[in-house]
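# Geometric and topological summary
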Amino acid sequence: MMNNKVVLITGATNGIGRVAALELAKMGARVVIVGRSREKTEAVRQEIQAAGGSADSLLADLSALDEIRRLAAEFRARYDRLDVLLNNAGAIFARRQTTADGFEMTFALNHLSYFLLTNLLLDVLKASAPARIINVSSDAHRSAQMNFDDLQHEKSYGMGGFQAYGRSKLANVLFTYELARRLAGTGVTANALHPGFVATGFGRNMPGLMNRVMGIMHRFALTPEQGAQTLIYLASSPEVEGMTGKYFDKNRPVRSSPASYDEAAQKRLWDISEWLTGLQPASV
Ligand code: NDP
């Protein structure tokens, strides 16, 4: 079903990204895994090959714009097609941190990396159509509202990182809907998803009590194998061929939050992201 399809997956060294990479490779895809640690990335590559799959790897710290640009250039040098782009790498940070570019870490890693990598690979995706872009969001977006006056969370970094995380995941949905509109008629689809609450490495970087709470909650969570199902479905199922601009949960399109359908916010976020990532040097 996925024979010879090229699938690029970020955050493939752990959690649901690792399982999706493994399963899609078993279906015959040529999987390109992106990780920031050479050792972990190589270990997953070998695991996929041991399972009889085809995997290549690229290294990038996705919180840094320069590394995303290098990653896109390396991908383009090695591959002449891209059938599925799976933006998955993401995290929550208990305390506000800034990236090499001076951006707030959650916003940069969870949103700007999806935005920039996608835009830098759009022409390859269009040339490979039908092609799919899949953005891993979260139901944590449901309680969030964008605050365009404080996108970098300088004024407030509330709820131990959960506010910044929820907004970044709302940004994933806003980005997906605007992207789908811009891609209409190209044969490239764009969808977002919630993987469920999954026992992965997610949240395990939180300090003290939060880490322990996360450990306890993980006893009631999905396994990474279960949590990867909607990623695998959206990447491979013929049922979603041509479907675009949707938010999926458990392999079904569902309504996302009212705030995510705000077209003005979708456009505003796109314009600001273009400017912040240097794709559009002047405007805004
Ligand atoms: P994990 O922490 O297990 O995996 C996250 C992946 O992202 C890892 O491969 C990690 O690499 C990578 N990553 C983190 N920071 C960077 C960086 N700076 N540069 C490159 N790669 C990086 O979490 P999950 O598998 O749970 O998370 C995957 C996605 O699912 C995220 O977008 C998350 O928001 C979303 N999600 C998860 C939920 C859950 O319950 N787990 C619920 C809803 C959404 P490394 O191995 O080097 O740390």
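What this report covers is the structure whose coordinates are included nearby. (Residues numbered from 1 in each chain as written. Predicted model: local features only at pLDDT ≥ 70, side-chain atom pairs only at ≥ 80, totals over all residues. Heavy atoms only, no water.)

### Examining the packing of aromatic side chains
Rules: Pairing of aromatic side chains here covers Phe, Tyr and the six-membered ring of Trp, requires ring centres within 6.5 Å, and sorts the geometry by plane angle: under 30 degrees stacked, over 60 edge-to-face, intermediate tilted. Runs of E in the DSSP output that reach at least two residues are strands. Runs of H or I that reach at least four are helices, and both are numbered from the N terminus. Each residue is placed in one exposure class: buried if its accessible area under a 1.4 Å probe, protein chains only, is under 20% of its type's maximum, exposed if it is over 50%, and partly exposed if it falls in between. Any Lys NZ or Arg CZ found within 6 Å of a ring centre and within 35 degrees of that ring's normal is scored as a charge over the ring.
Summed over the entire model, instances satisfying the criterion amount to six aromatic pairs. Between Phe115 and Trp270 the ring centres are 4.9 Å apart and the planes differ by 75 degrees, which places this aromatic pair in the edge-to-face class. Taken together, the residues Phe115 in helix H4 (residues 105-127) and Trp270 in helix H9 (residues 263-276) connect sequence positions 155 residues apart. Classification of Trp270 as buried rests on a relative accessible area of 5%. Here Arg255 stacks its cationic end above the ring of Tyr261, 4.2 Å away from the centre of that ring.

### Some details on the sheet that holds strand S7 (residues 246-249)
As a reminder, the rule being used: Strand pairing is defined by DSSP finding a minimum of two bridges between the two strands. All axes are obtained by fitting lines to C-alpha atoms, using only the stretch in contact for helices, and the reported angles, taken between N-to-C directions, cover 0 to 180 degrees.
The sheet built from eight strands is open, its strands ordered S3-S2-S1-S4-S5-S6-S7-S8 with mixed pairing. Two strands lie at the open edges of the sheet, namely strand S3 (54-59) and strand S8 (252-254), each paired on one side alone. Along the sheet, successive strands turn relative to each other by an average axial angle of 25 degrees, direction set aside. Bridge analysis of strand S1 (residues 6-10) against strand S4 (residues 84-87) gives three bridges, and the strand direction is parallel. Looking at the pairing, Leu8 lines up with Leu85 of S4.

### A closer look at unusual backbone geometry
Omega for the bond connecting Ala129 with Pro130 falls within 30 degrees of zero, at 5 degrees, which places this linkage in the cis form. With respect to the secondary-structure elements, Pro130 resides in the loop between H4 and strand S5 (131-136). Here the phi dihedral of His153 falls at roughly 55 degrees; this positive angle occurs in a residue that is not glycine. Topologically, His153 is positioned in the loop between S5 and helix H5 (162-182). Note on His153: relative accessible area 3%, which makes it buried. Despite not being glycine, Lys250 has its phi angle at roughly 50 degrees, a positive value. Position of Lys250 among the secondary structure elements: in the loop between S7 and S8.

### Topic: helix H1 (residues 15-26)
Structurally, the α-helix is built with 3.6 residues per turn, so residues lying three or four positions apart point the same way. Rules: Given the number of residues in a helix, its expected span is that number minus one, multiplied by 1.5 Å.
In a regular helix each residue adds 1.5 Å, so twelve residues correspond to 16 Å; H1 covers 17 Å between its end C-alpha atoms and thus fits that length. Extensive coverage of H1 is indicated by the burial of nine of its twelve residues. In the segment just after H1, Gly28 is the residue with positive phi, at about 110 degrees.

### As for the side chain of Asn191
Operational definition: A 3.5 Å cut-off defines polar contacts: any pair of N or O atoms within that distance qualifies, except that in protein one atom must be a possible hydrogen donor and the other a possible acceptor, and neighbouring residues in sequence count only when both atoms are side-chain atoms. Pairs of residues are marked as contacts when any of their non-hydrogen atoms sit within 4.5 Å.
Here Asn191 shows up in strand S6 (residues 188-194). Of note is the side chain of Asn191, whose polar atom sits 2.9 Å from the backbone oxygen of Met243. Those residues in contact with Asn191 that sit more than four places away from it in its chain are Ile133, Ile134, Asn135, Thr176, Leu234, Met243, Thr244, Gly245, Lys246 and Phe248.

### Comments concerning the environment of Pro224
Position of Pro224 relative to the elements: it lies in helix H7 (residues 224-227). Sequence spacing of Pro224 and Gly245 is 21 residues, and the spatial spacing of their C-alpha atoms is 25 Å. Residues in contact with Pro224, not counting those within four places in the same chain, are Gly15, Ile16, Val19, Val198, Ala199 and Thr200.

### A look at the pattern of salt bridges
Defined as follows: The term salt bridge refers to a pairing of a side-chain nitrogen on Lys or Arg with a carboxyl oxygen on Asp or Glu at a separation within 4 Å.
Enumeration according to the criterion identifies 15 salt bridges in this entry. In this structure, Arg70 and Glu74 form a salt bridge, with 3.0 Å as the shortest nitrogen-oxygen distance. Here Arg70 and its partner Glu74 are both found in helix H3 (residues 65-78), four residues apart, which amounts to about one turn of the helix. Close ionic contact of Glu263 with Lys267 constitutes a salt bridge, the shortest N to O distance being 3.7 Å. With Glu263 and Lys267 both in helix H9 and four residues apart, the pair spans about one turn of that helix.

### Regarding a nonpolar patch on the surface
We apply this condition: The patches reported here contain residues having more than 30% relative accessible area and no salt bridge. Joining distances are 9 Å for like charges and 5 Å for nonpolar side chains (Val, Leu, Ile, Met, Phe, Trp, Tyr). Surface accessibility in these figures is a Shrake-Rupley result with a 1.4 Å probe; residues are shielded only by whichever protein chains are displayed.
Together, Phe197, Leu209, Val213 and Met217 give the surface a local cluster of nonpolar side chains, amounting to about 340 Å² of exposed area. Relative to the helices and strands, Val213 is located in helix H6 (residues 208-217).

### Digging into the packing of H3 against H4
Definition in use: If an angle is under 35 degrees, it is roughly parallel; if it is over 145, roughly antiparallel; if it lies from 65 to 115, roughly perpendicular; otherwise it is oblique. By convention the crossing between two helices is left-handed if the near helix lies anticlockwise of the far one by an angle smaller than a right angle, and right-handed if it lies clockwise. Lys, Arg, Asp and Glu make up the charged group, whereas Ala, Val, Leu, Ile, Met, Phe, Trp, Tyr, Cys and Pro make up the nonpolar group; the residues left over, Gly among them, are polar.
Where H3 meets H4, the closest approach of the two axes is 10 Å, and the angle between their N-to-C directions is 25 degrees. Between H3 and H4, the angle is such that the two are roughly parallel. The element H3 and its partner H4 pack so that their crossing is right-handed. Each of Leu65, Ile68, Arg69, Leu71, Ala72, Phe75 and Arg76 in H3 lies in contact with H4, whose residues at this interface are Ser113, Leu116, Leu117, Leu120, Leu121, Asp123 and Val124. Here the contact of H3 with H4 is built from residues that sort into ten nonpolar, one polar and three charged.

### Quick look at the environment of Asn251
Position of Asn251 relative to the elements: it lies in the loop between S7 and S8. In this structure Asn251 comes out as partly exposed when scored by relative accessible area, which is 28%. Asn251 sits eleven residues away from Val240 along the chain, and the two C-alpha atoms are 9.5 Å apart. Every residue in contact with Asn251, bar those within four places of it in the chain, is listed here: Gln229, Thr230 and Tyr233. Polar contacts involving the side chain of Asn251 include one to the side chain of Thr230, which spans 3.4 Å.

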